[in-house]
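Survey of secondary and tertiary structure
Chain by chain, the residues:
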Amino acid sequence: MRKLFGLALAAAAGYALWRWYERETLLEGEGTVHLQSEHEHFHLHVDLPPGMEIQPGDTLEIVSLPRINGQTHGEITYTSPIKLYKASWLRRNLIKKSSLVEVNELVEHP
């Protein structure tokens, strides 16, 4: 009975950690998208509204696409609704720590 209680407690703790890790907060706003498409590269930059900041673990969704006929040459700038899914404190810190380990491995590799 004691082992079963311990197993149930560990499962509940694991479930609570998983829910905390997966938790997100949604912020919505209007952003300016700069799309640069050239022969050798493709870049996308988004100017976020005041008060919005992307941190490790966050996800940014650009809701609309520009109306383009054919190919793009140079840079296109347009406004779009954006959705910023803010990661939980747990996810943000785990991603920061794992990223630092990966960077250190790259730097220390002969």
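Here the structure is a predicted model, which is why all the values come from computation and not from measurement.

Side note on the overall build of the chain
Regarding its fold elements, the chain presents two helices and four strands. Taking all contacts inside the chain whose residues are at least 6 apart in sequence as the whole, residues at least 24 apart take part in 64%.

Examining a nonpolar patch on the surface
A contiguous nonpolar patch, built from Met-1, Leu-4 and Leu-7 and spanning about 420 Å² of accessible area, is present on the exposed surface. In this structure, Leu-4 sits in helix 1 (residues 2-22).

Points about the pairing of strand 2 (residues 42-47)
Note: strand 1 (residues 24-37) against strand 2, six bridges, orientation antiparallel. Opposite Thr-32, over in strand 2, you have Asp-47 as the bridge partner. From the end of strand 1 to the start of strand 2, which pair antiparallel, there are four residues.

Comments concerning the packing of aromatic side chains
Under the criterion given, the structure shown has two aromatic pairs. When the ring centre of Tyr-21 is taken as reference, the NZ or CZ atom of Arg-91 above it lies at 4.6 Å.

Considering the sheet that holds strand 2
Strands sit in the order 2-1-4-3 across an open sheet of four strands; the sheet is antiparallel. Looking along the sheet, the strands with just one partner apiece sit at the ends: strand 2 and strand 3 (59-62). The average undirected angle you get between the axes of adjacent strands in this sheet is 35°. Where strand 3 meets strand 4 (residues 74-87), four bridges bridge the pair, whose relative direction is antiparallel.

So, the pattern of salt bridges
All chains considered together, the criterion is met by four salt bridges. One salt bridge connects Arg-91 with Glu-22, and the closest N-O pair in it is separated by 3.2 Å. Here the residue Arg-91 occupies a position in helix 2 (residues 89-108), and Glu-22 occupies one in helix 1, the gap between them amounting to 69 residues. For Arg-91, a relative accessible area of 13% gives the class buried. Glu-22 gets classed as partly exposed once you look at its relative accessible area, which sits at 35%. Residue Lys-86 pairs with Asp-58 through a salt bridge whose shortest N-O separation is 2.9 Å. Of the two residues, Lys-86 sits in strand 4 while Asp-58 sits in the loop between strand 2 and strand 3, which places them 28 residues apart along the sequence. The pair Lys-86 / Asp-58 is uniform in exposure class, with both members buried. What emerges from the salt-bridge pattern is a single network uniting Glu-22, Glu-24 and Arg-91.

Rules behind the numbers
- Residues numbered from 1 in each chain as written.
- Predicted model: local features only at pLDDT ≥ 70, side-chain atom pairs only at ≥ 80, totals over all residues.
- Heavy atoms only, no water.
- Helix = DSSP H or I, 4+ residues; strand = E, 2+ residues; numbered from the N terminus.
- Contact = heavy atoms within 4.5 Å.
- Patch = residues over 30% accessible without salt bridge, like charges linked within 9 Å, V, L, I, M, F, W, Y side chains within 5 Å.
- Areas by Shrake-Rupley, 256 points an atom, 1.4 Å probe, with all protein chains shown as cover.
- Salt bridge = Lys/Arg side-chain N within 4 Å of Asp/Glu carboxyl O.
- Pairing = 2+ DSSP bridges.
- Phe/Tyr/Trp six-rings, centres within 6.5 Å; stacked < 30°, edge-to-face > 60°.
- Lys NZ or Arg CZ within 6 Å of the ring centre and 35° of its normal.
- Axes fitted to C-alpha atoms, helices over the stretch in contact; angles between N-to-C directions.
- Buried < 20%, exposed > 50% of the residue type's maximum accessible area, 1.4 Å probe, protein only.

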